[in-house]
Structure formats: C-alpha cells, structure tokens
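Analysis of the macromolecular model
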Amino acid sequence: MHLGLLAALAVSLVVALALGSERLPVGGVVDVVRERVLHGRPGPDPVLDVIVWELRAPRVLMAAVVGAGLALAGTAMQTLVRNPLADPYLLGVSAGAGVGATAVIAFGALAALGAWALSVGALLGALGAAVLVFGVSLAQGGLTPLRLVLTGVVMSSAFSSVSSLMVFLGDEPRATESVLFWLLGSLAGATWAQLVAPVAAVLVAAVLVLGVHGWLDALATGDDTAAAVGVPVAALRIALFVLTSALVGVLVAVSGGIGFVGLVVPHLARLVVGGGHRAMLPVAALGGAVFLVWVDVVARTVVSPQEIPLSVVTGLVGAPVFLLLLGRRRYHFGGGA
C-alpha cells in the first residue's frame, strides 16, 4: 500500500508539473527534473526549465506537503477529541489565521515584511488563537474532548466575526475579495523559500505522532482505557494540542484555509488499512499529498487563466465522498473496513 501510494505521488508530481495554463511535454518535464535533481544544473531548454523548476515545482511540492500535513493533523485531531467530524481547523486556528491575514490585507499590517507579511500575519493569528483556546479550555477545567470541541467552535465564530468587522472597517476596496480568496485556500505564488517551514513542520509532526502510535490507539478507545495501560492521558492531550496547532498554523500561513482534506482523507485511510495509527498515519499522509496535488491541478486548469479557490474543489469532491463513507454500514470511526 505504501509503495503504491509513493508511486502514485511520484507520477502525480511529474504530471502536475506538465499541466497548467500552458501544457508541457512530460518528457521535457522529466528532463528538467532529472538535470536539476541529479546534476544540480538547469534543463536543456531554458524556457521549459524556468516554467517547470521556478514556477510550477514549488507550487506542486507545496500542494503535496500541505495535503500530507492536513491529513496528519486531521488524524491527530480526530483522535484528540474522539470525534469523527473533527478536522484540523476545529480549534479555531484557521479562523485565527484569518484575523491575522485580514489585518495584513485590509490595514496593511506588517507591511515592512514585504512578500512575507501575509504568511507571518496569518501564522501569528493562528498561534494566538491556539494560545487563547488553550487558555480558555484550561480555565474551564481542562482539555477534555467535549470542552475542546465547544471552545474551538465558539472561538472560531468569534474570530470569523472579528475578520468580518476588520474587512468592513478597512480602507482597501478589494479587501473582501482578497480575504475570501485567501480563506478558501490558494497555493498561487508559492516559492522555494516558503517550502522550508511547512516541510520541516510536517516532517517533525510525522515523526512525533508515529513515535506514539500505540498511545494514540489507546487514546482513541477512551481516557480510562488509555490510562489503564499506562498512557499519560493529560500530557498526551496537551502535546497533541500543541503539535496540531503549530502544524496547522504553519500550513494555513502558506496556503490559507483548505477544507475537507483533513476530514475526509483520514477516514479513507481507516477504511483501507484499519484504525491502527501505525499503518493509518503514513497512508493518510501520502493520500492527502496525492489528493491535494490533483485538487491544485484542477483549480488552476479548469477555468485557466483564472484559478478556483482550493476549498471549492475539495468541497465538491470531499462532500460526496464523505456521504458515501457514511453510507457504508461496515465502516466505523476508529475501525477498518
């Protein structure tokens, strides 16, 4: 299964590099990638090299990294709150990022950072939201699944209202359109420099959650069962909260809010390999990467030269898939097919 998904991801990356407003020959794309990766030099065709390596490659790789990260975060979040409807944005991180991004777009905040202003503003908003949700939950009695869900939902609504107010008060005439497009997710403008943070965040998160896969299996069965087998439930829940919030904050900062990936892909992984996190986490990550690479291809080619926000595509695909999952009588959250 893992080898099949790796092969599918490799093929998807190459084909995605060839597709766009200007379709390129797959052979030419392979030549550029081979020369760049194996020999560290430009491809034989300078124009093709610029299009493939400088313009498309960062975006395609960003799609794979963000897709993998959202799938990992969704899996961890569903285990954290023991809720099959949980997604990476449940704790208000995305809505908080929206506040930061709106401040940049509507009021020109952090303008001194230039091209990095939007990403930094979104990251600061996301981390601020996570700290606020964490503090409110602790003040109300602890990080229980129900309290996290309720606090996250309420705070998300509050952050969204703040974003709307900022758009209303801002002087930027196109702020509403810009904020809406960002909130719905986009990978336009991805660069090699922007890839560093999300790649590092996804790799660290993957290593950490795989390292405690046994504890995650126990936590998914309930706090009492997990505690009975020696799992430090409170510490694990706090660690998952911090890890998931940081990961989602970094991903949202570079891609905006992309719905359904972190909700649907973990369920598909459970359906294929069962509920054990050791097998499910790699499948979810690879599946999320493949899925978002193709979502991005659709988003930038269907109405080219215009682009469709990524959440529009993921919603149109993800909603029917999730409904089909609900219709499978033998599928259960935390179990296999």
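Report follows, based on the coordinates. (Residues numbered from 1 in each chain as written. Predicted model: local features only at pLDDT ≥ 70, side-chain atom pairs only at ≥ 80, totals over all residues. Heavy atoms only, no water.)

1. Regarding the packing of helix H4 (residues 93-107) against helix H7 (residues 175-183)
Between H4 and H7, the shortest axis-to-axis distance is 10 Å and the interhelical angle comes to 145°. When you trace H4 past H7, the crossing you get is right-handed. Residues Ala97, Gly98, Ala101, Thr102, Ile105 and Ala106 of H4 lie in contact with H7, whose contacting residues are Ala175, Ser178, Val179, Trp182 and Leu183. The residue inventory of the contact of H4 with H7, partitioned by class, reads 8 nonpolar, 3 polar and no charged. (Axes fitted to C-alpha atoms, helices over the stretch in contact; angles between N-to-C directions. Helix = DSSP H or I, 4+ residues; strand = E, 2+ residues; numbered from the N terminus. Left-handed = near helix turned anticlockwise from the far one by under 90°. Contact = heavy atoms within 4.5 Å. Nonpolar A, V, L, I, M, F, W, Y, C, P; charged D, E, K, R; others polar.)

2. Points about the packing of helix H5 (residues 117-139) against helix H6 (residues 145-169)
Each packed pair of helices is defined by two parameters, the angle between the axes and the distance between the axes. The N-to-C vectors of H5 and H6 enclose an angle of 135°; their axes lie 10 Å apart at closest approach. Taken together, the axes of H5 and H6 lie oblique to each other. Viewed along their axes, H5 and H6 form a crossing whose handedness is right-handed. Residues Ala129, Leu132, Val133, Val136 and Ser137 of H5 touch H6, and the partners they reach there are Arg147, Leu148, Thr151, Met155 and Phe159. Its residues placed into classes, the contact of H5 with H6 shows 7 nonpolar, 2 polar and 1 charged. (Parallel < 35°, antiparallel > 145°, perpendicular 65-115°, else oblique.)

3. Remarks on the environment of leucine 80
Summarising the element assignment, leucine 80 is placed in helix H3 (residues 46-81). If sequence neighbours within four positions are ignored, leucine 80 has contacts with Pro145, Leu148, Arg237, Leu240 and Phe241.

4. Focus: the nonpolar core
With 93 residues, the main nonpolar core has Val66, Val81 and Ile258 as its most contacted residues. Here valine 81 is in contact with Ala86, Leu90, Pro145, Leu148 and Val149, once residues within four sequence places are set aside. (Core = buried A, V, L, I, M, F, W, Y, C linked by side-chain atoms within 4.5 Å. Buried < 20%, exposed > 50% of the residue type's maximum accessible area, 1.4 Å probe, protein only.)

5. A closer look at the packing of aromatic side chains
Tallied over the entire structure, the rule returns 2 aromatic pairs. Between tryptophan 53 and tryptophan 192 the ring centres are 4.9 Å apart and the planes differ by 35°, which places this aromatic pair in the tilted class. Of this pair, tryptophan 53 sits in helix H3 while tryptophan 192 sits in helix H8 (residues 192-211), placing them 139 residues apart in sequence. Classification of tryptophan 192 by relative accessible area gives partly exposed; the value is 32%. With a centroid separation of 5.3 Å and 45° between ring planes, the pair formed by phenylalanine 134 and phenylalanine 241 is classed as tilted. In this pair, phenylalanine 134 is assigned in helix H5 and phenylalanine 241 in helix H11 (residues 233-255), connecting sequence segments 107 residues apart. (Phe/Tyr/Trp six-rings, centres within 6.5 Å; stacked < 30°, edge-to-face > 60°.)

Geometric descriptors of this kind do not, in isolation, establish any biological role.
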